[in-house]
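Chain by chain, the residues:
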Amino acid sequence: MLKRRRTHQFKRNTRHTSPNRRRVLLKNIHKKVLLRRKLFALLQMEEMAAQP
């Protein structure tokens, strides 16, 4: 199961930082998003395989 996200706190943190730090945070979070998408896709594939 996918874990809950804490976007409100994250957005507050990114808003009050320097531009460089913001860039790094966004890059890291983007990597996380891509990983979550991949995991979700795998879950969907398993469900599809289990149906017939």
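The structure presented is a predicted model; accordingly, all values stated were derived computationally and were not measured.

K.L.:
Explain the environment of threonine 14 to me, using residue names and the numbers behind them.
P.N.:
Structurally, threonine 14 is set in helix 1 (residues 7-15). Judged by relative accessible area, which is 9%, threonine 14 ranks as buried. For the pair formed by threonine 14 and alanine 49, sequence separation is 35 residues and the distance between their alpha carbons is 40 Å. Beyond its immediate stretch of four places on either side in the chain, threonine 14 contacts Arg22 and Leu25.

K.L.:
Summarise a nonpolar patch on the surface; cite the residues concerned and give the values.
P.N.:
Among the surface-exposed residues, Leu35, Leu39 and Leu42 lie close enough to one another that they form a single nonpolar patch of about 270 Å² accessible area. Among the structural elements, leucine 35 can be located in helix 2 (residues 19-50).

K.L.:
Residue-level account of the environment of leucine 43, with values.
P.N.:
Positionally, leucine 43 belongs in helix 2. As for leucine 43 and histidine 16, which are separated by 27 residues in sequence, their C-alpha atoms are 36 Å apart.

K.L.:
Kindly report on the environment of threonine 17, identifying the contributing residues and their values.
P.N.:
Tracing the chain through its elements places threonine 17 in the loop between helix 1 and helix 2. Excluding its chain neighbours within four sequence positions, the residues that come into contact with threonine 17 are Arg22 and Leu25. Side-chain polar atoms of threonine 17 contact the backbone oxygen of threonine 14, separated by 2.9 Å.

K.L.:
An account of the packing of helix 1 against helix 2 is needed here, citing residue identities and associated values.
P.N.:
What describes two packed helices is the angle between their axes and the distance between those same axes. It is the contact of helix 1 with helix 2, at a shortest axis distance of 9 Å, that shows an interaxial angle of 150°. As the angle between them shows, helix 1 and helix 2 are arranged roughly antiparallel. When you trace helix 1 past helix 2, the crossing you get is left-handed. Residues Phe10, Thr14 and Arg15 of helix 1 pack against Arg22, Leu25, Leu26 and Ile29 of helix 2.

Conventions and cut-offs
Residues numbered from 1 in each chain as written. Predicted model: local features only at pLDDT ≥ 70, side-chain atom pairs only at ≥ 80, totals over all residues. Heavy atoms only, no water. Helix = DSSP H or I, 4+ residues; strand = E, 2+ residues; numbered from the N terminus. Buried < 20%, exposed > 50% of the residue type's maximum accessible area, 1.4 Å probe, protein only. Contact = heavy atoms within 4.5 Å. Patch = residues over 30% accessible without salt bridge, like charges linked within 9 Å, V, L, I, M, F, W, Y side chains within 5 Å. Areas by Shrake-Rupley, 256 points an atom, 1.4 Å probe, with all protein chains shown as cover. Salt bridge = Lys/Arg side-chain N within 4 Å of Asp/Glu carboxyl O. Polar contact = N/O pair within 3.5 Å; in protein donor to acceptor, adjacent residues only side chain to side chain. Axes fitted to C-alpha atoms, helices over the stretch in contact; angles between N-to-C directions. Parallel < 35°, antiparallel > 145°, perpendicular 65-115°, else oblique. Left-handed = near helix turned anticlockwise from the far one by under 90°.

Purely geometric numbers; function is a separate question.
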